[in-house]
Amino acid sequence: MKFFKNILILFFINLLLLSNTIYVFGATNDSNEPNLISRAAILIDNKSDKILYSKNMNEKMFPASTTKIVTAIIVLEHCSLNETVTASYDAISSIPNGYVTANIDGGEELTVEELLELLLVHSANDAANVLAEYVGGSIDSFVSMMNTKVNELGLNNTHFTNTYGLQNENHYTSAYDLSIIMKYCLKNDTFRKIAGSASCSIPATNKSEARSYSSTNELIIPDNSNYYSFVTVGKTGFTTEAGECLVSCAYKNNMELICVVLGGSTVNNISTRFSESKTLYEYGFNNFSIKNISNTGDIITEVDVNNATYDTKSLNLAFSSSINVLVNNSDKNTNYTPEIKLNSDISAPITQGDILGKAIYSIDGIQYESDLVATHNVEKSNLYQFILEIGGLFIALLITLKIFFPKEKTENQSMES
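The structure presented is a predicted model; accordingly, all values stated were derived computationally and were not measured.

J.: Quick one: what's the story with the packing of helix α4 (residues 112-120) against helix α5 (residues 125-136), residue by residue and with numbers?
T.: Contact pair α4 / α5: the axes reach a minimum separation of 8 Å and the direction vectors enclose 140°. It follows from the interaxial angle that α4 and α5 lie oblique. Here α4 runs over α5; the crossing is left-handed. In this structure, α4 uses Val112, Leu115, Leu116, Leu118 and Leu119 to contact α5, whose residues at the interface are Ala127, Ala128, Val130, Leu131 and Tyr134. Classifying every residue of the contact of α4 with α5 gives 10 nonpolar, no polar and no charged.

J.: Could you give an account of the layout of surface pockets, with specific residues and numbers?
T.: Put simply, the largest pocket is a space of about 290 Å³. Along the wall of the largest pocket there are 19 residues; nearest its centre are Ser65, Val100, Ser123, Gly237 and Phe238. Here the lining of the largest pocket gets 5 residues from one element, more than from any other, and that element is strand β8 (residues 231-239). Partitioned by chemical class, the residues of the lining of the largest pocket number 5 nonpolar, 11 polar and 3 charged. Of the voids in this model, the second largest pocket is the one considered here, and its volume is about 230 Å³.

J.: An account of the nonpolar core is requested, with residue identities and associated values reported.
T.: Ranked by internal contacts, the top residues of the largest apolar core, which has 66 residues, are Ile69, Ile104, Leu115, Leu116, Leu118 and Phe191. With 7 residues, helix α2 (residues 68-76) is the largest single contributor of residues to this core. Once residues within four sequence positions are removed from consideration, isoleucine 69 is found in contact with Leu120, Leu178, Ile181, Met182, Cys185, Phe191, Lys235 and Val247. If you look at the next biggest cluster of nonpolar residues, it comprises 22 residues, including Leu219, Ile220, Leu246 and Tyr281.

J.: I'd like to hear about the sheet that holds strand β19 (residues 366-374), residue by residue, with values.
T.: Read across the sheet, 5 strands follow the order β14-β15-β19-β18-β17 without closing on themselves; strand pairing throughout is antiparallel. At either end of the open sheet lies a strand with only one pairing partner, and these are β14 (299-304) and β17 (339-342). The sheet shows a mean angle of 30° between the axes of neighbouring strands, direction not considered. Pairing between strand β18 (residues 355-363) and β19: 8 bridges, direction antiparallel. When the bridges of β19 are listed, serine 362 appears paired with glutamine 367.

J.: So what about α4? Which residues, and what values?
T.: The buried fraction of α4 is high, at 8 of 9 residues. By the burial criterion, the buried members of α4 are Val112, Glu114, Leu115, Leu116, Glu117, Leu118, Leu119 and Leu120.

Rules used throughout
Residues numbered from 1 in each chain as written. Predicted model: local features only at pLDDT ≥ 70, side-chain atom pairs only at ≥ 80, totals over all residues. Heavy atoms only, no water. Axes fitted to C-alpha atoms, helices over the stretch in contact; angles between N-to-C directions. Helix = DSSP H or I, 4+ residues; strand = E, 2+ residues; numbered from the N terminus. Parallel < 35°, antiparallel > 145°, perpendicular 65-115°, else oblique. Left-handed = near helix turned anticlockwise from the far one by under 90°. Contact = heavy atoms within 4.5 Å. Nonpolar A, V, L, I, M, F, W, Y, C, P; charged D, E, K, R; others polar. 1 Å grid on protein atoms, 1.4 Å probe; cavity = no way out; pocket = protein on both sides within 12 Å on 5 of 7 lines; lining within 4 Å. Points joined across faces, edges and corners; volume = space filled by probe spheres on them. Core = buried A, V, L, I, M, F, W, Y, C linked by side-chain atoms within 4.5 Å. Buried < 20%, exposed > 50% of the residue type's maximum accessible area, 1.4 Å probe, protein only. Pairing = 2+ DSSP bridges.

Quick look at the structure:
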């Protein structure tokens, strides 16, 4: 009995371990499904929020320098790029030894744009503190702004204690939360530009000669062995406790995917944050496609407008916009049927282009909608109006007769009896 008991325990332990990896949307049973070393990861479609792959996506993880994308977006939302910032000694002196800096001096003057380049390209921790102090008034106030931002995004597994990813037990995020943060950051074109730069050059300042740095994200450096041409944006991170981390974005075949890998390591001198990000992107681009299921102007249904003229009462309703969905390649030939919801008050007159309802597709738990619009004008019927007017006059006549000739009716009834 003890032997069988141990077998059952091992079975359930293996079951729990296997459940840590989740293929949330349309995963195939092919052998090309990713098998990652990184402790947590997610691959998500930026437009639809569909999760194509996940592993421990809600587990709290140390983010290291991927923290800096939050610092950057808050700065971008509160400053102009050409504003001049003077670095204080306090802002730069608190960076521990071993953490990357740009050797910014106390009293050195740099623009917001230059500091953002140092922050996102070179991953300079001193630039993070200088920007935070400038925007928030103090570093602690800026960290409060960071936590307010993630709360506004509805994230439950993220909390920050510093501006750049200094190791701290209370400084954490998750792969899922970080993907949502990146999705938010990508709405800002300046963020895209700076975080997608393979290098940066900082001109001479009042305290330093000119400086140049290459990006820490090897996926976007063309002459690097880890280069992946479809990656457009990214931010790395590393501490001993956090491991190798990367949050990035790639675009191919009209698909924009966001990838997060956390808790990676180095295998055969290659960081898994780069190799496994490429693996996830290839998995996404090779197994999923954009499928067009409707086009602007396509006719979806026909309605009869009761009070319309004979020539215009038959009305076609068409899609006001195209609908494109992300599907597993195995579902590319599937025909999807929408739910049609018409307005309750469809009546003439109607002008071409008027919205008269909606078409709703429900695919893999996500709803896609398009307004349904009239394809031509519908004129109100004069005959219908004429009948209404005659009916009204007839009713008025009956009421008048009843009011003015009630006695005559009574006397006639008495004589007949």
